[in-house]
Amino acid sequence: ILCFYDGFEGLTFEYLSSFLIFSPFASSEAAAARMSSILSGSYTLVRGVAIVVVRWMSPKSFIILDTLLMFVGVTLVYYSMDSTDTDAENNIGLVIGIILWGAGMSTFLPSIYSYLEEHIRMTDNVCSILHFSCAILTPFEPILIGKFLLTLPEILLYVCYASLAITAVAFSAFECTKSLS
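### Digging into the packing of helix H1 (residues 2–22) against helix H2 (residues 29–53)
So, point 1. One way to put it is that H1 packs onto H2 with a least axis distance of 7 Å and a crossing angle of 150°. Judged by the inter-axis angle, H1 sits roughly antiparallel to H2. Our pair here, H1 against H2, has a crossing hand that is right-handed. Contact residues: Glu9, Thr12, Phe13, Leu16, Ser17, Leu20 and Ile21 in H1; Glu29, Ala32, Ala33, Met35, Ser36, Leu39, Ser40 and Tyr43 in H2.
So, point 2. In terms of residue class, the contact of H1 with H2 is built from nine nonpolar, four polar and two charged.

### Regarding the nonpolar core
So, point 1. Residues Phe8, Phe19, Leu20, Ile98, Trp101 and Met105 are the most contacted members of the largest nonpolar core, which totals 39 residues.
So, point 2. Elements with a minimum of two residues in this core: H1, H2, helix H3 (59–80), helix H4 (92–119), helix H5 (124–134) and helix H7 (155–180).
So, point 3. Residue contacts for isoleucine 98: discarding those within four places in its chain leaves Leu16, Leu20, Met35, Ile38, Leu39, Ser42 and Val77.

### Section: the layout of surface pockets
So, point 1. In this structure, the largest pocket encloses a volume near 170 Å³.
So, point 2. Around the largest pocket, the lining residues are Arg47, Ala50, Ile51, Val54, Met57, Ser58, Pro59, Phe62, Thr107, Pro110, Ser111 and Ser114.
So, point 3. Taken together, the elements giving at least two residues each to the lining of the largest pocket come down to H2, H3 and H4.
So, point 4. In terms of residue count, the dominant contributor to the lining of the largest pocket is H4 (four residues).
So, point 5. Classifying every residue of the lining of the largest pocket gives seven nonpolar, four polar and one charged.

### Describing the pattern of salt bridges
So, point 1. What the rule picks out here adds up to one salt bridge.
So, point 2. Close ionic contact of lysine 60 with glutamate 175 constitutes a salt bridge, the shortest N to O distance being 3.0 Å. One end of the pair, lysine 60, is in helix H3; the other, glutamate 175, is in helix H7, and 115 residues separate them in sequence.
So, point 3. Accessibility expressed as a relative area gives 13% for glutamate 175, which makes it buried.

Scoring rules and cut-offs
- Residues numbered from 1 in each chain as written.
- Predicted model: local features only at pLDDT ≥ 70, side-chain atom pairs only at ≥ 80, totals over all residues.
- Heavy atoms only, no water.
- Axes fitted to C-alpha atoms, helices over the stretch in contact; angles between N-to-C directions.
- Helix = DSSP H or I, 4+ residues; strand = E, 2+ residues; numbered from the N terminus.
- Parallel < 35°, antiparallel > 145°, perpendicular 65-115°, else oblique.
- Left-handed = near helix turned anticlockwise from the far one by under 90°.
- Contact = heavy atoms within 4.5 Å.
- Nonpolar A, V, L, I, M, F, W, Y, C, P; charged D, E, K, R; others polar.
- Core = buried A, V, L, I, M, F, W, Y, C linked by side-chain atoms within 4.5 Å.
- Buried < 20%, exposed > 50% of the residue type's maximum accessible area, 1.4 Å probe, protein only.
- 1 Å grid on protein atoms, 1.4 Å probe; cavity = no way out; pocket = protein on both sides within 12 Å on 5 of 7 lines; lining within 4 Å.
- Points joined across faces, edges and corners; volume = space filled by probe spheres on them.
- Salt bridge = Lys/Arg side-chain N within 4 Å of Asp/Glu carboxyl O.

Take a look at the structure:
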């Protein structure tokens, strides 16, 4: 779960601007930077709101909601590429997609750790292994995305979809095995 999610989040923050510049939006560098700021702003704002909301929602609920928000956000960005409005900052679907994408990412990682803490004794060794698993894909991200970003900018979205799918399947498998025991 952590390996693929962390790769997803890292790719998003590192390559969103380049994706917007080389995608059908053909955004200027300044517009792409503003869209990245919108992503970071929604990420930060929702994480702040979550500090209050966490009292009424379980970590499992947050994980499910975050996964849905990220999926809807990436999907809106994907379908916005077909829009006739190629001005990124005026494309409502793109802006909403980026906001949802950032909102979903904002509480996923803390929720996973809280969720795991409910089911696993979180010792120093366990946390070290979990943190290490977050870095496993980091050396491969530039190979996966950087090489193809100029010719196939949608590769960012495809890898994000794959990461979300693997994360959702891994979480579902953990839930199923947990309920069987």
